[in-house]
Amino acid sequence: MIEIKNVSKWYGEFQVLTDCTATINKGEVVVVCGPSGSGKSTLIKTVNALEPFQKGDIVVDGISLTDPKTDLNKLRSRIGMVFQNFELFPHMSIEKNLAIAQMKVLKRSKDEAYAKGKKLLERVGLGAHAHKFPGQMSGGQQQRVAIARALAMDPIAMLFDEPTSALDPEMVNEVLDVMVELANEGMTMMCVTHEMGFARKVANRIIFMDAGKIVEDCTKQDFFEQPENRTERAKQFLSKILAH
Amino acid sequence: MNFDYSVLFTHEAMSMLAKGLWFTLQLTVLALIGGMVIGTPLAMMRLSSNRWLSAFAKLYVDFFRGLPLVQVLLVFYLMMPLVLQWVTGAQYPKPLGALLAGVITYAIFEAAYYSEIMRAGIQSVSRGQQNASYALGMSYGQTMAQVVLPQALRNMLPVLLTQTIILFQDITLVYAVGWKDFLGAGSTLAGINNRPTEFYVFVALVYFLICFALSTYVKRLQKRIAIIR
């Protein structure tokens, strides 16, 4: 479904991604973890071309991002993305947030778009909040709306860029619950997250990054249960985050 | 000194003042619209990653901000008929009506200022908002129209209106090319009636009231359309 092939990226002289290669198959849940500044967020943003890269290629559902004939807008409309800071549109009501891209990009009618939005809002447990504005909701609620907004486009895969990092601890679980549910339904997901509980529960594979390189790409079982077979850097990381 | 304010309320004076005020208001509103229509794309060009577009927008802004408005008015006033003659291939220079010529001049001039305001407005909307819009498959145009510009306008509304109040006052500069705006009408009447104090006080009062009402309205509007955060 998503093939990342030898991707390298530079900001001027500074190399942020070095020869990254990974494949995410249909229905798979892949968790990307690693220390801050390791390039996780940059890598996930290259997948829907929000971040350009200078070398390599990414192929999503058979479509190459580097092919000049590729309609990037159309491709992006088929991949859902959830951001660390929610990024709901603050000047629109929740129902309009859910409907706007359906109407503008997929050319759905207003009635159809709002109905679909309503259904998804109920699914994330926020059916009563359709008329509110983002600023009137808690962070956890906003992030659930953001997930619903992405799902409204009927995506073939979902990208999560640290979806719980900006949340109060109490609100983390309500968002993770929605993500677990999605994973169990068979959604293809790539998640940058530090939530190792989530990774243990639903991930098929773990990608561990450090200094712009993919250091580990292995199954969840290998990653958590056979730490002795991991690289030094991954061991170090694991021992720190799993200490408690 | 005796003041006789009854000279203001003759039919002749009132109709002339009303005509002048109507010209000023029309010119303000049309120049505001024109200035925004030219200024917004200029701001987008200025922020574009395309070097040429950005350089052109910068040149435009620097050029018009570096010239006095009166001079721009005079040059446009003298040149527009000649340009029109050249474009249409007419035998004689074609004069435009005062209003049309005024709108073109002020819109082109004010666009330089509005574009800088819009640029700050666009930059006040976080990059993440644009990314979220792109991630939903929206194009650059849709992202601008639906996500960035509505927020930029809200953020910039006080500054935009302040600039428009300045524009409203700057319309008085049309005296240089002899068009009759509100102040021009007052000035003419002051001469005819030999009553300068009465007419200038009246004109000043009307200018003040309009500007004051406008800025009060902006404060209210700002509260009403403020983004809930």
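How each quantity is defined
Residues numbered from 1 in each chain as written. Chains lettered and ligands numbered in written order. Predicted model: local features only at pLDDT ≥ 70, side-chain atom pairs only at ≥ 80, totals over all residues. Heavy atoms only, no water. Patch = residues over 30% accessible without salt bridge, like charges linked within 9 Å, V, L, I, M, F, W, Y side chains within 5 Å. Areas by Shrake-Rupley, 256 points an atom, 1.4 Å probe, with all protein chains shown as cover. Salt bridge = Lys/Arg side-chain N within 4 Å of Asp/Glu carboxyl O. Helix = DSSP H or I, 4+ residues; strand = E, 2+ residues; numbered from the N terminus. Buried < 20%, exposed > 50% of the residue type's maximum accessible area, 1.4 Å probe, protein only. Contact = heavy atoms within 4.5 Å. Phe/Tyr/Trp six-rings, centres within 6.5 Å; stacked < 30°, edge-to-face > 60°. Lys NZ or Arg CZ within 6 Å of the ring centre and 35° of its normal. Buried area = accessible area lost by both parts, 1.4 Å probe. Polar contact = N/O pair within 3.5 Å; in protein donor to acceptor, adjacent residues only side chain to side chain. Expected span 1.5 Å × (residues − 1). Axes fitted to C-alpha atoms, helices over the stretch in contact; angles between N-to-C directions. Left-handed = near helix turned anticlockwise from the far one by under 90°. Parallel < 35°, antiparallel > 145°, perpendicular 65-115°, else oblique. Nonpolar A, V, L, I, M, F, W, Y, C, P; charged D, E, K, R; others polar. Pairing = 2+ DSSP bridges.

Draft legend 1. Quick look at a nonpolar patch on the surface. Side chains of Phe3(B), Tyr5(B), Phe9(B), Met14(B) and Val201(B) sit close together on the surface and give an oily, nonpolar patch of about 470 Å² of accessible area. If you trace the backbone, Phe3(B) turns up in the segment before helix H1 (11-46).

Draft legend 2. Structural detail: the environment of Lys235(A). All names here are of chain A. Within the fold, Lys 235 resides in helix H9 (residues 232-241). In this structure Lys 235 comes out as partly exposed when scored by relative accessible area, which is 28%. For Lys 235 and Phe 224, which are 11 residues apart along the polypeptide, the C-alpha to C-alpha distance reads 9.9 Å. Setting aside anything within four residues of it in sequence, one finds Lys 235 in contact with Pro 227, Glu 228 and Arg 230.

Draft legend 3. Region of interest: the packing of aromatic side chains. Tallied over the entire structure, the rule returns 10 aromatic pairs over all chains. Between Tyr60(B) and Phe64(B), the aromatic rings sit 4.9 Å apart at their centres with planes inclined by 50 degrees, giving tilted as the arrangement. You can see Tyr60(B) and its partner Phe64(B) sitting in helix H2 (residues 51-65), 4 residues apart, about one turn around the helix. Taken as a pair, Tyr60(B) and Phe64(B) share a single burial class, namely buried. Taken together, the ring pairs connect Phe56(B), Tyr60(B), Phe63(B) and Phe64(B) into an aromatic cluster. If you follow Lys110(A) out to its NZ or CZ, it ends over the ring of Tyr114(A), 5.4 Å from the centre.

Draft legend 4. Region of interest: the interface of chain B and chain A. Each side of the interface is counted separately: chain B has 21 residues, and chain A has 24 residues. A buried area of about 1,900 Å², summed over both sides, lies between chain B and chain A, and 64% of it is on carbon and sulfur atoms. Connecting chain B to chain A are 0 salt bridges. Connecting chain B to chain A are 5 residue pairs in polar contact (both at pLDDT 80 or more). Breaking the side of chain B that touches chain A down by element, the ones donating at least two residues are helix H5 (127-135) and helix H6 (140-170) of chain B.

Draft legend 5. Representation of helix H7 (residues 182-193) of chain B in the model. All names here are of chain B. Over its 12 residues, H7 extends 16 Å from the first C-alpha to the last, a length consistent with the 16 Å expected when each residue adds 1.5 Å. Residues Phe 182, Gly 184, Ala 185, Gly 186, Leu 189 and Ala 190 constitute the buried set of H7. Residues of H7 that are buried make contact with H1 and helix H8 (196-225). Within two residues after H7, Asn 194 carries a phi angle of roughly 55 degrees, on the positive side.

Draft legend 6. Summary view of the pattern of salt bridges. For the structure on display, the rule yields 17 salt bridges over all chains. We note a salt bridge from Arg233(A) to Asp210(A), for which the minimum N-O separation is 3.2 Å. With Arg233(A) in helix H9 and Asp210(A) in strand E9 (residues 205-210), this residue pair connects regions lying 23 residues apart in the sequence. What makes Arg233(A) partly exposed here is its relative accessible area of 28%. The salt bridge partner of Glu116(B) is Arg46(B), with a shortest N-O separation of 3.5 Å. One end of the pair, Glu116(B), is in helix H4 (residues 98-124); the other, Arg46(B), is in helix H1, and 70 residues separate them in sequence. Here the salt bridges share partners, and the residues they tie into one network are Glu28(A), Arg205(A) and Asp217(A).

Draft legend 7. A look at the packing of H1(B) against H8(B). Residue and element names in this part refer to chain B. One can describe the packing of H1 onto H8 by two numbers: an axis separation of 13 Å at closest approach and a directional angle of 35 degrees. In this structure, H1 meets H8 at a crossing whose hand is right-handed. Residue-level inspection shows Ala 13, Met 14, Leu 17, Leu 21 and Thr 24 of H1 in contact with H8, the latter providing Phe 199, Phe 202, Val 203, Tyr 207 and Ile 210.

Draft legend 8. Main features of the packing of helix H4 (residues 110-123) of chain A against helix H5 (residues 139-151) of chain A. All names here are of chain A. Between H4 and H5, the least distance of the axes is 9 Å, while the angle of their chain directions is 135 degrees. In terms of orientation, H4 lies oblique with respect to H5. With respect to the hand of their crossing, H4 and H5 are arranged in right-handed fashion. Packed against H4, whose contacting residues are Lys 116, Leu 120, Leu 121 and Arg 123, the element H5 presents Val 145, Ala 148 and Leu 151 at the interface. Of the residues in the contact of H4 with H5, the class split is 5 nonpolar, no polar and 2 charged.

Draft legend 9. Broad picture of the sheet that holds strand E8 (residues 189-192) of chain A. Residues and elements named next belong to chain A. With mixed pairing, 6 strands are arranged side by side in an open sheet as E6-E7-E8-E3-E9-E10. Looking at the sheet topology across the chains shown, the edges are occupied by strand E6 (79-82) and strand E10 (213-219). Pairs of neighbouring strands in the sheet enclose a mean axial angle of 15 degrees, with direction left out of account.

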